[in-house]
Every structure is written in C-alpha cells, then in structure tokens.
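Architecture at a glance
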Amino acid sequence: MERTFLAIKPDGVQRGLVGEIIRRFEEKGFTLVGLKLLKVSQELAQEHYDVHRERPFFAGLVDFITSGPVVGMVWEGEGVVASARKIIGATNPLSAEPGTIRGDLGINIGRNLIHGSDAVETAQREVSLWFKEEELVSWQPTITPWLHE
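The name an unreviewed UniProt entry assigns to the chain is Nucleoside diphosphate kinase, from the organism Brasilonema sennae CENA114. The Sequence similarities (unreviewed entry) field of the UniProt record for the chain holds the comment "Belongs to the NDK family." Recorded in UniProt for the chain, the comment headed Subunit (unreviewed entry) runs: "Homotetramer."

Given below as structure tokens:
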C-alpha cells in the first residue's frame, strides 16, 4: 500500500483547520497511519526543503514552517500520493480549483495551508525524515473491503 507525507502548515493550524483537512482525507477513504503536532526545528525545515536550498525563497520557507505548530501526517492508500495532490490543489490558492483544500480555504501562495509529497519517491524520503518507523501504525479499517476490490 502506498504512503504519503502531509503537513498542515502553521497557518492551517492557527486558523483551526486541522479537523477540516483531516476530514477530507478520511472521507476519501485513506488510512491515517501517523500523526503528530510539532514545532519544526531549523534543521528539519532545512532538510525538508533541501531541494529549494539555492532558490531565493528558501529562507522564507524555513522561517514560515518553523514559525508555529505543524501537524505532520502519514496517510496510506491506493494512489494516495497523486490523489492527495488533487485534494490539496494547486500551490497557489488563487489558481486552485474549488473543492480543493487550497481552492476552498487558501489565501495566497505564502499561506497555502498544507504540504503534500509530490511523488512516491519524495513521499518515502519525507515520511522517513519526519517519522520514526515505530511512530507509524499499520492497521486495516473495517471499511477497507467497501473501498477496494
């Protein structure tokens, strides 16, 4: 079963949208296997955004993700990486489709509420960066047979 990493950023936590965001993934039928509220360290932020290290906005990304509490999550399901990206919506909320998290709730590109892994390989890296293996719980919801053939 595929896994992805999602993080509700400080703006999503501060605006009280944690429950709403989690609800959308639960309703889709994905399984939550890891969840924690944390204050992101500079080191974790820099490693997470390492791919952007040479870009002019890198420092701003690190400053923002470390500015307040973040909810880190690992979700599991068929095609969860691609599906989560569709549920999240375009990076810029002004371009995001209605019905997506960013389209419905986002304000601007600097306050876009949530991060989601963009590929299976990225998800594997991010899950291991944010969670220890013993922090993840493999389980099967009783609804699973109703969701999958």
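**Examining the environment of Gly89**
Of note, Gly89 is situated in the loop between α5 (80-88) and α6 (101-105). Between the alpha carbons of Gly89 and Arg102 there is a distance of 5.5 Å; along the sequence they are 13 residues apart. When residues no more than four places from it in sequence are discounted, the contact partners of Gly89 are Ala96, Thr100 and Arg102.

**Quick notes on the pattern of salt bridges**
Tallying each qualifying case throughout the model produces 7 salt bridges. For Glu76, the salt bridge is made with Arg3, and the minimal N-O distance between the two is 2.9 Å. With Glu76 in strand β3 (residues 69-76) and Arg3 in strand β1 (residues 3-8), this residue pair connects regions lying 73 residues apart in the sequence. Of the charged contacts, one joins Glu20 and Arg24 as a salt bridge, the two residues approaching to 2.8 Å between their closest N and O atoms. Taken together, the residues span about one helical turn, with Glu20 and Arg24 both in helix α2 (residues 18-28) at a distance of 4 residues. Look at Arg24 and you get buried, because its relative accessible area is 15%. Connected through shared salt-bridge partners, Glu20, Arg23, Arg24, Glu27 and Asp104 make up one network.

**Comments concerning the side chain of Thr4**
In this structure, Thr4 sits in strand β1. Looking at Thr4, the relative accessible area reads 1%, which means it is buried. In this structure, Thr4 is in contact with Met73, Val74, Trp75, Val80, Val81, Ala84, Ser117, Ala123 and Val127, ignoring residues within four places of it in sequence.

**Quick word on the sheet that holds β1**
Taken in spatial order, the 4 strands line up as β2-β3-β1-β4 in an open sheet, and their pairing is antiparallel. Of all the strands in the sheet, just β2 (31-39) and β4 (114-116) have a single pairing partner and so form its edges. Across the sheet, the mean angle separating the axes of adjacent strands is 15° when strand polarity is ignored. Alignment of β2 against β3, held across 8 bridges, turns out to be antiparallel. Note on β3: the bridge partner recorded for Leu35 is Met73. Relative to β3, α2 is tilted by about 5°, and along the sheet it contacts β1, β2, β3 and β4. Taken strand by strand, helix α7 (residues 120-130) contacts β1, β2, β3 and β4, and its axis lies near 60° from that of β1.

**Remarks on the packing of aromatic side chains**
Tallied over the entire structure, the rule returns 2 aromatic pairs. Judged by centre distance (5.6 Å) and plane angle (35°), the ring pair of Phe25 and Trp75 falls under tilted. Linking Phe25 in helix α2 with Trp75 in strand β3, this pair joins segments that are 50 residues apart in sequence. Residue classification places Phe25 among the buried residues on the basis of a relative accessible area of 0%.

**Notes on unusual backbone geometry**
Of note in this structure, Leu113 is not a glycine but carries a positive phi near 75°. Its location among the elements puts Leu113 in the loop between α6 and β4.

Reading the values: rules and limits
Residues numbered from 1 in each chain as written. Predicted model: local features only at pLDDT ≥ 70, side-chain atom pairs only at ≥ 80, totals over all residues. Heavy atoms only, no water. UniProt positions renumbered as here; feature names shortened; annotations may be inferred. Helix = DSSP H or I, 4+ residues; strand = E, 2+ residues; numbered from the N terminus. Contact = heavy atoms within 4.5 Å. Salt bridge = Lys/Arg side-chain N within 4 Å of Asp/Glu carboxyl O. Buried < 20%, exposed > 50% of the residue type's maximum accessible area, 1.4 Å probe, protein only. Pairing = 2+ DSSP bridges. Axes fitted to C-alpha atoms, helices over the stretch in contact; angles between N-to-C directions. Phe/Tyr/Trp six-rings, centres within 6.5 Å; stacked < 30°, edge-to-face > 60°.

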